[in-house]
Amino acid sequence: ETGVTQTPRHLVMGMTNKKSLKCEQHLGHNAMYWYKQSAKKPLELMFVYSLEERVENNSVPSRFSPECPNSSHLFLHLHTLQPEDSALYLCASSQGLAGDTGELFFGEGSRLTVL
Amino acid sequence: AQTVTQSQPEMSVQEAETVTLSCTYDTSESDYYLFWYKQPPSRQMILVIRQEAYKQQNATENRFSVNFQKAAKSFSLKISDSQLGDAAMYFCAYRRGDKIIFGKGTRLHILP
């Protein structure tokens, strides 16, 4: 198994749909993150979980709902999204917040298109 | 607000040549970490190189090296002997406490 796995890789949804993105890490890390990557913008940190507790929520709209059932899994539940939410959603993990040495381990991302 | 600025949205370099990617950052802290991450077309982002601000010596990892100018708040990445596999988005990042702040990225093209 690769370090951080994200599913699905591609997702197309309507504005009224409900879907979820899944992230799984096999590195034994205790912190997990959701980032949003849009063209020509810096990576936006959305949510941070440490030891399964949410420690960061950067003013993300409530139509994005994270869930961290255990230290290996992270979900991003999506509902009533807007077209501007179309982006690449990256999951990352680390040992310690921001990593003991600052290194984050990323998944390949889920490309979301909202119609 | 904390910012990381990459002023070059895209760059191209001939294979085997050297290229330098620029990054500036804004901070009032004296001790911090800086990073360059690479995101190849397959999209999995990986750490290329790390610099600790208290270290004066520039970090080096094989063909990758940085030019860290603390007073100028500048942190450029030099790639020597560019290879086709170096084609990717490169993100400069700054660690502030428990957060890592990323720039917008520079897309690097390698010309054969």
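Here the structure is shown first, and the text comes after it.
What you see is a predicted model; the values in this text were computed from it and never measured. (Residues numbered from 1 in each chain as written. Chains lettered and ligands numbered in written order. Predicted model: local features only at pLDDT ≥ 70, side-chain atom pairs only at ≥ 80, totals over all residues. Heavy atoms only, no water.)

Chemist: Please give an account of the overall build of chain A that cites residues and values.
Modeler: From N to C terminus, chain A includes zero helices and 11 strands. Secondary structure elements in chain A, listed N-terminal to C-terminal, are β-β-β-β-β-β-β-β-β-β-β. For 115 residues, the compact-globule estimate of 2.2 N^0.38 gives 13 Å, and the C-alpha radius of gyration of chain A, at 13 Å, lies within 12% of that figure. Taking all 115 residues of chain A together, the buried fraction comes to 47%. When contacts within chain A are restricted to residue pairs at least 6 apart in sequence, long-range pairs at least 24 apart make up 54% of them. With the model as given, the accessible surface of chain A reaches about 5200 Å², and the carbon-plus-sulfur share is 50%. Treating the 10 positive side-chain charges of chain A as one cloud and the 12 negative ones as another, the clouds have centres 12 Å apart. (Helix = DSSP H or I, 4+ residues; strand = E, 2+ residues; numbered from the N terminus. Rg over C-alpha atoms; globule rule 2.2 N^0.38 Å. Buried < 20%, exposed > 50% of the residue type's maximum accessible area, 1.4 Å probe, protein only. Contact = heavy atoms within 4.5 Å. Areas by Shrake-Rupley, 256 points an atom, 1.4 Å probe, with all protein chains shown as cover. Lys, Arg positive; Asp, Glu negative; His and termini not counted. Charge placed at Lys NZ, Arg CZ, Asp CG, Glu CD.)

Chemist: An account of the sheet that holds strand β1 (residues 4-7) of chain A is needed here, citing residue identities and associated values.
Modeler: All names here are of chain A. Taken in spatial order, the four strands of this open sheet run β1-β3-β8-β7, and their pairing is antiparallel. Of all strands in the sheet, those bounded by a partner on one side alone are β1 and β7 (64-70). For this sheet, the mean angle separating the axes of adjacent strands, direction not counted, is 15°. The sheet contact formed by strand β3 (residues 18-25) and strand β8 (residues 73-79) spans seven bridges and is antiparallel. From the neighbouring strand, Leu 21 faces β8, where its bridge partner is Leu 76. (Pairing = 2+ DSSP bridges. Axes fitted to C-alpha atoms, helices over the stretch in contact; angles between N-to-C directions.)

Chemist: Run through the state of the cysteines, naming residues and quoting values.
Modeler: Enumeration according to the criterion identifies two disulfides over all chains in this entry. Covalent S-S linkage joins B:Cys23 and B:Cys92, the inter-sulfur distance amounting to 2.0 Å. Looking down the S-S bond of the B:Cys23 and B:Cys92 bridge, the torsion is -70°, so its handedness is left-handed. Here B:Cys92 lies in strand β10 (residues 88-96) and B:Cys23 lies in the loop between β3 (19-21) and β4 (24-26), a separation of 69 residues in the sequence. A disulfide-free cysteine, A:Cys68 has its sulfur positioned 9.1 Å from the sulfur of A:Cys91, the nearest such atom. A residue is classified by how much of its surface remains accessible, and A:Cys68, at 11% relative accessible area, is buried. (Disulfide = S-S within 2.5 Å.)

Chemist: Talk me through the interface of chain A and chain B; I want residue IDs and the actual numbers.
Modeler: Facing the 26 residues of chain A at the interface are 18 residues of chain B. Summed over both partners, the interface of chain A with chain B buries about 1900 Å², with 51% contributed by carbon and sulfur atoms. Of all residues in chain A, the largest losses of buried area upon contact with chain B belong to A:Leu43, A:Phe106 and A:Glu108, amounting jointly to 24% of the total for that side. At the boundary of chain A and chain B, one finds one salt bridge. (Buried area = accessible area lost by both parts, 1.4 Å probe. Salt bridge = Lys/Arg side-chain N within 4 Å of Asp/Glu carboxyl O.)

Chemist: Now, about the side chain of A:Ser93: what can you tell me, with residues and values included?
Modeler: All names here are of chain A. Mapped onto the secondary structure, Ser 93 falls in strand β9 (residues 87-94). We classify Ser 93 as buried; its relative accessible area is 0%. Polar contacts involving the side chain of Ser 93 include one to the side chain of His 29, which spans 2.8 Å. Excluding residues that lie within four positions of it along the chain, Ser 93 makes contacts with Val 4, Gln 25, Leu 27, His 29, Ala 31, Met 32, Tyr 33, Glu 103, Leu 104 and Phe 105. (Polar contact = N/O pair within 3.5 Å; in protein donor to acceptor, adjacent residues only side chain to side chain.)

Chemist: How would you sum up the nonpolar core? Please name residues and give values.
Modeler: Counting 27 residues, the largest nonpolar core has B:Leu21, B:Tyr25, B:Trp36, B:Phe75, B:Leu77, B:Tyr90 and B:Leu108 as its most contacted members. For this core, the leading source of residues is β10(B), giving four residues. Counting residues in hydrophobic clusters, the runner-up holds 22 residues, among them A:Met46, A:Leu76, A:Ala87 and A:Val114. (Core = buried A, V, L, I, M, F, W, Y, C linked by side-chain atoms within 4.5 Å.)

Chemist: Can you break down the pattern of salt bridges residue by residue, with the values?
Modeler: Across all of its chains, the model carries five salt bridges over all chains by this definition. The salt bridge partner of A:Arg9 is A:Glu108, with a shortest N-O separation of 2.5 Å. On the criterion of sequence distance, the pair formed by A:Arg9 in the loop between β1 and β2 (10-13) and A:Glu108 in the loop between β10 (105-106) and β11 (110-114) is long-range, its members being 99 residues apart. Residues B:Arg63 and B:Asp86 are paired through a salt bridge, measuring 2.8 Å at the closest nitrogen-oxygen approach.

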